[in-house]
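An overview of the molecular structure
One letter stands for each residue in the lines below.
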Amino acid sequence: MQYGLAYWQVNDFFGNNAMLEATEILKASILIVDDQEANVMLLEQMLRNAGYAHITSTMDPRAVVALHLAHRYDLILLDLQMPEMDGFQVMEGLKEIETAGYLPVLVITAQPAHKLRALQAGAKDFVSKPFDLVEVQTRIHNMLEVRLLYQKLEHYNKVLEQTVLERTAELRESEARFKSLTELSSDWYWEQDQQGKFTKVSGPVFDMLGIDADSAGGAVNIAPTAHWNEAERAQLEDNIANRRPFLDFIYSRSNADGTLQYLQVSGEPMFDSASLFIGYRGIGMDVTDRMRRDQEK
């Protein structure tokens, strides 16, 4: 069958749930287009006997495009040999509607030479005249099954896309809340990569740490006026080197004017999905005033 491969591709995607209920296929909308009344009546009767409930027919090929635009049929049974406007011309008109390139057309022809041309023109399958009713029923059923499965796949993709957009919006909102909270609870938020380079900074971290902001993307350069307490700095650097989390760690430095400045920092190592270390993140604040008050007590 024309749709054997396509069917199994869709079926593989959905798994066992890909199978349609018989009622779903029988509810599909079908348009019969043939200039011979006897053929229209035969196809209508065959479809109704098979249980199809939504059948429309026309003997005027010029009406097909407008009908499909209004109803978007799941399947169009289209005779190729018709006066005034043949089936190939009808398919060209349908292509202007089906901009995605899918024509739900099963052509009817008594000319074997027209079969390949019809498929090249966009038809998805064909049946031959005179009709073999079992063959016609089978091809109609198979084509509708694949068509409806693809519609389910399209719907699934739209739902998936919408879900991704919603989750992305939620993540951004969560990140914004987190950033707001860190800014309220600290003077800065920071992230470093595994080489110790700053990758994300919120707040006046460079000014407070005496770091050259122009160099912060590369190796960190501490301003020469910053005289850190070497023991405290060594302990902090040891925590980071050994990838240990630290909470409310306080270290100090002497400023150029001789005053002491105290900084409090909390941080934790970050790991990717493969448990590989990718850097540190944390928050910090200037606690000089608090430390001075404590020392004066």
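Look up: the structure comes first, before these words.
Description of the structure in this document. (Residues numbered from 1 in each chain as written. Predicted model: local features only at pLDDT ≥ 70, side-chain atom pairs only at ≥ 80, totals over all residues. Heavy atoms only, no water.)

Reading across the sheet, the 5 strands line up as E2-E1-E3-E4-E5 and stay open at both edges, with parallel pairing between neighbours. One side of each edge strand has no neighbouring strand; the edge strands of this open sheet are strand E2 (54-58) and strand E5 (125-128). Each adjacent strand pair in this sheet contributes to an overall mean axis angle of 20°, direction not counted. Pairing of strand E4 (residues 105-109) with E5, which is carried by 4 bridges, proceeds in the parallel orientation. Its bridge partner being in E5, valine 107 is matched across the sheet by phenylalanine 126. On the sheet, helix H4 (residues 64-71) packs against strand E1 (29-33), E2 and strand E3 (75-79) and is oriented at approximately 175° with respect to E1. Each of E4 and E5 touches helix H6 (residues 113-121); the most contacted strand, E5, lies at about 160° to it. (Pairing = 2+ DSSP bridges. Helix = DSSP H or I, 4+ residues; strand = E, 2+ residues; numbered from the N terminus. Axes fitted to C-alpha atoms, helices over the stretch in contact; angles between N-to-C directions. Contact = heavy atoms within 4.5 Å.)

What follows covers the pairing of strand E10 (residues 260-271). The element E10 is largely enclosed, with a buried count of 9 among its 12 residues. Following strand E9 (residues 246-254), the chain reverses through 5 residues before pairing antiparallel with E10; glycine 258 in that reversal takes a positive phi of roughly 90°. Here 9 bridges tie E10 to strand E11 (residues 277-286), and the two strands are oriented antiparallel to one another. Counted as the bridge partner of valine 265 is glycine 284 from E11. Hairpin connection, E10 to E11: the antiparallel pair is bridged by 5 residues, and serine 275 has positive phi, about 65°. (Buried < 20%, exposed > 50% of the residue type's maximum accessible area, 1.4 Å probe, protein only.)

With that out of the way, let us pick up the sheet that holds E11. Reading across the sheet, the 6 strands line up as E7-E6-E11-E10-E9-E8 and stay open at both edges, with antiparallel pairing between neighbours. Only two strands of the sheet have a single neighbouring strand rather than two, namely strand E7 (198-202) and strand E8 (227-228). Of the strand pairs in this sheet, E8 and E9 are connected by 2 bridges, and their pairing is antiparallel. The residue bridging tryptophan 228 from the neighbouring strand is arginine 253, located in E9. The sheet strands contacting helix H9 (residues 230-241) are E8, E9, E10 and E11, and the helix crosses E9 at an angle near 145°. This element, helix H10 (residues 288-296), spans E9, E10 and E11 of the sheet and lies at about 125° to E10.

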